[in-house]
Amino acid sequence: MTHQRLQTGSILDGFTIGEKIHSGGMATLWRVTKPGVDVPIVMKVPTILDGDDATIIVGFEMEMMILPRLSGVHVPKYYAVGDFARQPYLVMEYIQGQSLFSFIDRAPLPPDEIVALGAKVATALVDLHRQNVLHLDIKPSNIMLRESGEAALIDFGLSRHLFLPDLLEEEFRVPMGTGPYIAPEQIFKNRSDPRSDIYSLGVLLYYLATNVRPFGVPQAQSSLKNRLWRDPVPPRRLNPEIPPALQEVILRCLEVDPEQRYATPAQLAFDLANMSQVPLTERATRMERNSYFDAWKRWFASLGAQGGPQQPRATQNNLAPIIMVAVDLSVEMEPLWEELRANVKRVLATMPGVRIACVNVLKLNRLTINYALDESGRNVHVQRLVELKEWARPLGLSQERITFHVIEHMDPAVALVDYAKMNHVDQVLIGARASSTLRRFLGSTSSQVVAEAPCTVTVVRAPITSGAVEMAADAETARADSP
Amino acid sequence: MRIAFLSDIHGNREALDACLAHAERRKADRLVFLGDLVGYGADPVYVVDKVREAMAKGALSILGNHDEAAARGVTTGMNDYARAALEWTFRELDADSRRFLADLPMKIEEDDRIYVHSEASAPLSWAYITDVATAERSLRSTNHRITFCGHVHKPQLYHMQPQRPPLLFVPQGSTPIPLMASRKWLAVQGAVGQPRDHNPLAAYTIYDTDTNELSFQRVSYDIDATAQKIHAANLPQILAARLFIGR
């Protein structure tokens, strides 16, 4: 490989090299400009040493493969790639904002801020995983907070695209990742589990909450494995300010067995956005680590465990979706309730990992002041919540699988669509009233949700009997006959 | 340019037509046939005519071991049912078609690519690429960046850095795969006419020379019709049965 020497002022493929802004072991970053590109961009050039370090080269190849295939606000926008035969480089958007690394200095952060940051990073992971890419090196320095507020993930050198060859598979003499953040299955060289990113995010949240890394900074490969048998000190023991629900979320992310973690970043984001409804388990109140004896038993049980490359897990959202059920509690919708529950049951039967979010909109009247109490003096919001839970009771779901939300809004359709967007909902179930000419003319809540929701929408109708069809036809005819 | 690579058609008219229509809808503007046009299937004449027609419009075609055997009537080294089908195929083809098959080249080199039926190190010995070792032998024998071959009826993609052994990637779906210029690639096609990777769908690939991306395609076709013709021609029944299960 022959590489020209880059310096400020030189020109490469139409890019004028500006200031050098970072020089590290893996890569150098230069600000660059190009006529026609009016946003700040940077050129990332791999540091290729005389020894021809394969990991750096392959990591850079991986990023060259993955970054051009990504889009959206949660990754840097891609501009150009330079050929390995001449001068390898990547040109991408320079993300203006703050590295999450700078937040570490302020740790422990207030719980609300940790929850908000966690939700932003989880949301970025939702978007990345939906593009079939796992980051596999989630840590503070690889997360930027844009000025507009969204988290953006950077550095895809250890990432994996589930439908493309894993070029890093061959570099598997050592586990790849960052010691304090690496997930247990990555230590066993599995690079295909989306829940590895959830684990690393759990490490990050723990660190922000306690100012301590849950497994320290492992210096040797053998000490990486300590996290397999010894649980971290519960965060509330280090920082009593942390609410039990946040400890629950963090420790669930840090489960050794991926099956025990959140199934998807969407489910994690959902809990972080709805902290009051996080189902609390023993994790929430734990104050002690597991004992040395327990750690020894786990160590003993793990002997002989096999690692190595695995076939990619199927796109996780097919297995563990978030389904939102829009429940209209008004009396005229009552005939539909059973039908709506029947549809929920069908979903539950086929997808064991599904989470159900029951949503009801308390419609506000734009002409009167917001009212909290009804004519008999009951709290309307609480009353609705009780009715919503009553509606769901026949489903017989445990609290980890179902949540309830009453949203106050003037426009039910807008409220439902916003909720679906904010919570990464995969599918909406919504009841529709029997069709009528008037409703067809004015438009209905369900049709507006169908038109605007960011996901699949299933419209549930009560089965129409032949008698009802005839009656409707008669009514239409009568209307047509009238002058 | 978008090149469709079709290998191991094996006289399967329905699978060939389905793949050609599929490739046309995906704007393939060049066809390359990677050998084994005939053998096993009941439509050798149709397939040969169709390929000759395509070649008149610029398509490329190379020789497969079944084409060679059918052209010369020599079936040494073949198993019983392959031999039965080839003897039948030999009788079906006229002298002109046999001469066409016999004259097909062993390999074609084009830009940074080489096209061959079995593998690149010794095309005449018809060796199979079944693992990293056989892939490495082929990859090291050529300076071309990408080798396209068929012969084993199982889609596989090997990639290799200069100083390292190759790695196998088993294609998942049709996501276009960038064939990074820093490595050499060996794209083993699945079979159009007789898939053996436990997936009965016809297999072919499209390579885009502008984007340097390869996509593995799978196409459904009327297997019942193909099987009925194999029965009607009194060819060994296993040749029909295996199509339904892709083995």
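Residues numbered from 1 in each chain as written. Chains lettered and ligands numbered in written order. Predicted model: local features only at pLDDT ≥ 70, side-chain atom pairs only at ≥ 80, totals over all residues. Heavy atoms only, no water.

It is worth spelling out helix 3 (residues 111-130) of chain A at this point. Look at helix 3 of chain A: 28 Å from first C-alpha to last across 20 residues, which is about the 28 Å you get at 1.5 Å a residue. Positive phi appears at Asn132(A), one or two residues downstream of helix 3 of chain A, with a value of about 65°. (Helix = DSSP H or I, 4+ residues; strand = E, 2+ residues; numbered from the N terminus. Expected span 1.5 Å × (residues − 1).)

Counting residues in hydrophobic clusters, the biggest one holds 85 residues, and the most contacted among them are Leu268(A), Tyr115(B), Phe148(B) and Leu157(B). Among the elements that take part in this core, helix 5 (residues 195-210) of chain A stands out by supplying ten residues, more than any other. The residue makeup of this core includes at least three contributed by each of domain 1 (11-93) and domain 2 (105-317) of chain A. Setting aside residues no more than four positions away along its own chain, Phe148(B) makes contact with Phe5(B), Leu34(B), Arg113(B), Ile114(B), Tyr115(B), Val116(B), Ala187(B), Gln189(B), Tyr207(B) and Leu214(B). (Core = buried A, V, L, I, M, F, W, Y, C linked by side-chain atoms within 4.5 Å. Buried < 20%, exposed > 50% of the residue type's maximum accessible area, 1.4 Å probe, protein only. Domains from an automatic or database assignment. Contact = heavy atoms within 4.5 Å.)

This brings us to the interface of chain A and chain B. The interface of chain A with chain B comprises 21 residues on the first partner and 17 residues on the second. Carbon and sulfur atoms supply 57% of the area buried between chain A and chain B, which totals about 1,600 Å² over both sides. In this structure, the connection of chain A to chain B is made through two salt bridges. A salt bridge links Arg69(A) to Glu213(B), with the nearest nitrogen and oxygen atoms 2.4 Å apart. Where chain A touches chain B, the interface holds three residue pairs in polar contact (both at pLDDT 80 or more). Ranked by residue count, the leading element in the side of chain A that touches chain B is helix 1 (residues 54-66) of chain A, at six residues. (Buried area = accessible area lost by both parts, 1.4 Å probe. Salt bridge = Lys/Arg side-chain N within 4 Å of Asp/Glu carboxyl O. Polar contact = N/O pair within 3.5 Å; in protein donor to acceptor, adjacent residues only side chain to side chain.)

Two strands in a sheet stick together by hydrogen bonds in their backbones, pointing the same way (parallel) or opposite ways (antiparallel). All names here are of chain A. Pairing within the open sheet is parallel, and its five strands lie in the order 14-13-12-15-16. A strand with exactly one partner marks an edge of an open sheet, and here the two such strands are strand 14 (402-409) and strand 16 (456-460). Adjacent strand axes in the sheet meet at a mean angle of 20°, parallel and antiparallel pairs treated alike. Alignment of strand 13 (residues 355-363) against strand 14, held across eight bridges, turns out to be parallel. Within strand 14, the position partnered with Asn 360 by the bridge is Val 406. Running over the sheet, helix 14 (residues 380-392) touches strand 12 (322-326), strand 13 and strand 14 and is turned about 145° from strand 14. (Pairing = 2+ DSSP bridges. Axes fitted to C-alpha atoms, helices over the stretch in contact; angles between N-to-C directions.)

Turning our eyes to something else, we now look at helix 4 (residues 80-92) of chain B. Residue and element names in this part refer to chain B. Taking 1.5 Å per residue as the helical rise, helix 4 with its 13 residues ought to reach 18 Å, and the 18 Å between its terminal C-alpha atoms agrees with that figure. Where helix 4 is concerned, the buried positions are Ala 82, Ala 85, Leu 86, Trp 88 and Thr 89. On an axial view of helix 4, the arc spanned by its buried residues comes to 160°, and they lie on one face. Exposed residues pointing more than 90 degrees away from the buried face of helix 4 are listed as Asp 80 and Arg 91. Looking at the packing, one finds that the buried side of helix 4 touches helix 2 (44-56), helix 3 (65-72) and helix 8 (238-245). (Arc of directions from axis to C-beta.)

Scanning all chains against the criterion turns up 37 salt bridges over all chains. Its salt-bridge partner being Lys139(A), residue Asp137(A) comes within 3.9 Å of it at the nearest N-O pair. As far as burial versus exposure is concerned, Asp137(A) and Lys139(A) are alike and both buried. Several salt bridges converge on common partners, so that one network encompasses Arg30(B), Glu110(B), Asp111(B), Asp112(B), Arg113(B) and Arg145(B).

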